[in-house]
Amino acid sequence: MVRLRVSAGLPLALGLLALGRAGEAPKPHILMFLADDFGHYDISYNNPDAPTPTLHQLASDGVILNRHYVYQYCSPTRSSFMSGRLPIHVNTANHPTTVLGGVDLRMQTVAEALKSAGYACHTAGKWHAGAHLWSQLPTQRGFDSQLGYLNGMEDHYTQVFDQLSGVDLWLNNAPAVGMNGMLPSLPGAWLSMISGEG
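Analysis parameters
Residues numbered from 1 in each chain as written. Predicted model: local features only at pLDDT ≥ 70, side-chain atom pairs only at ≥ 80, totals over all residues. Heavy atoms only, no water. pLDDT = per-residue confidence, 0-100. Helix = DSSP H or I, 4+ residues; strand = E, 2+ residues; numbered from the N terminus. Contact = heavy atoms within 4.5 Å. Salt bridge = Lys/Arg side-chain N within 4 Å of Asp/Glu carboxyl O. Buried < 20%, exposed > 50% of the residue type's maximum accessible area, 1.4 Å probe, protein only. Patch = residues over 30% accessible without salt bridge, like charges linked within 9 Å, V, L, I, M, F, W, Y side chains within 5 Å. Areas by Shrake-Rupley, 256 points an atom, 1.4 Å probe, with all protein chains shown as cover. Pairing = 2+ DSSP bridges. Polar contact = N/O pair within 3.5 Å; in protein donor to acceptor, adjacent residues only side chain to side chain. Core = buried A, V, L, I, M, F, W, Y, C linked by side-chain atoms within 4.5 Å. Phe/Tyr/Trp six-rings, centres within 6.5 Å; stacked < 30°, edge-to-face > 60°. Lys NZ or Arg CZ within 6 Å of the ring centre and 35° of its normal.

1. Some words on the confidence of the model for the protein
- Chain-level pLDDT for the protein is 80 on average; 78% of the residues reach the 70-or-more range.
- Within the protein, strand β1 (residues 14-20) has the poorest average pLDDT of any element, 57, and helix α4 (residues 110-116) the best, 95.
- pLDDT under 50 marks residues 1-14. Its contacts with residues more than four places away, or in other chains, come to 31 contacts.

Shown next as structure tokens:
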């Protein structure tokens, strides 16, 4: 049984959760965050005036990877993070899902690499690393489950993406029908699902 404590804002920033599979030798849990517009001094371990006690505690108990440089906007940074390559080698565009972009299908994602090492991988929050093709969806790129946005610039309370005039909230391989506008309950529902309790 997996027990995790989560704040209401966590799914907006969570990039990857990897858990060792049941019945295998214990593996460390891996939790990676990727947050847009989050600066070096916006976290309490770099700035004591920044109120981020939960992130500070997670960092204190883990490893801080602070040499991952970002691109000027989100999709290239996410594509770089997911592929382990510099944006110039993977994606330098910030396209919506109506245009091909994101991580090239010939490149392995960090989730695919972790999965081949025996991890279960889950993602929540903003994907924006390619979703024009079915094979670009997170669950086709190494993740066992996904709850979140495929594009960028959604309203975090209604999950409406104005550029495409509709709701952009997905649960695994399909729209998360009826879940939009439920921000306070989404973290608990998703964690119950991935831990097998929901």
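Picking up where we left off.
2. Notes on the pattern of salt bridges
- Under the counting rule described, the total for this entry stands at three salt bridges.
- For R141, the salt bridge identified is with E112, shortest N-O distance 3.5 Å. Taken together, the residues R141 in the loop between β3 (119-126) and β4 (145-149) and E112 in helix α4 connect sequence positions 29 residues apart.
- Linking K115 and D144 is a salt bridge whose minimum nitrogen-to-oxygen distance equals 2.3 Å. Here the residue K115 occupies a position in helix α4, and D144 occupies one in the loop between β3 and β4, the gap between them amounting to 29 residues.
- Using a relative accessible area of 30% as the deciding quantity, one classes K115 as partly exposed.

3. Focus on a nonpolar patch on the surface
- Together, L100, L105 and L133 give the surface a local cluster of nonpolar side chains, amounting to about 260 Å² of exposed area.
- Here L133 shows up in the loop between β3 and β4.
- Assessed through its relative accessible area of 36%, L133 is described here as partly exposed.

4. Focus on the pairing of β4
- Judged by how many residues are buried, β4 sits mostly within the fold: five of five residues are covered.
- As judged from the five bridges shared by β3 and β4, these two strands associate in the parallel manner. Within the sheet, the bridge partner assigned to K126 lies in β4 and is Y149.
- The pairing of β4 with strand β7 (residues 170-171) spans two bridges and is antiparallel. Paired with L147 across the strands is L171, a residue of β7.

5. Quick word on the side chain of N91
- Tracing the backbone through its elements, the reader meets N91 in the loop between α3 (87-90) and α4.
- A polar contact is formed between the side chain of N91 and the side chain of S75, at a distance of 3.1 Å.
- Discounting residues that sit within four places of it in the chain, N91 has contacts with S75, P76, S79 and G102.

6. Focus on the nonpolar core
- Ranked by internal contacts, the top residues of the largest apolar core, which has 17 residues, are M82, V103, C121, W127 and F143.
- If you list the elements that add at least two residues to this core, you get α2 (74-83), α4 and β3.
- By size, the runner-up hydrophobic cluster in this structure holds five residues, among which are Y149, L169, A176 and M179.

7. Re the packing of aromatic side chains
- In the structure shown here, the tally under the stated rule is two aromatic pairs.
- An angle of 85° between the planes, with centres 5.5 Å apart, marks the rings of Y71 and Y73 as edge-to-face.
- Residue classification places Y71 among the partly exposed residues on the basis of a relative accessible area of 28%.
- Both rings, one in W127 and one in F143, keep their centres 5.8 Å apart while their planes meet at 85°; by these two values the pair is edge-to-face. Here W127 is found in the loop between β3 and β4, whereas its partner F143 is found in the loop between β3 and β4, with 16 residues between them in sequence.
- Residue classification places W127 among the buried positions, given a relative accessible area of 4%.
- A cation over a ring is seen here: K27 above Y119, with NZ or CZ 5.8 Å from the ring centre.

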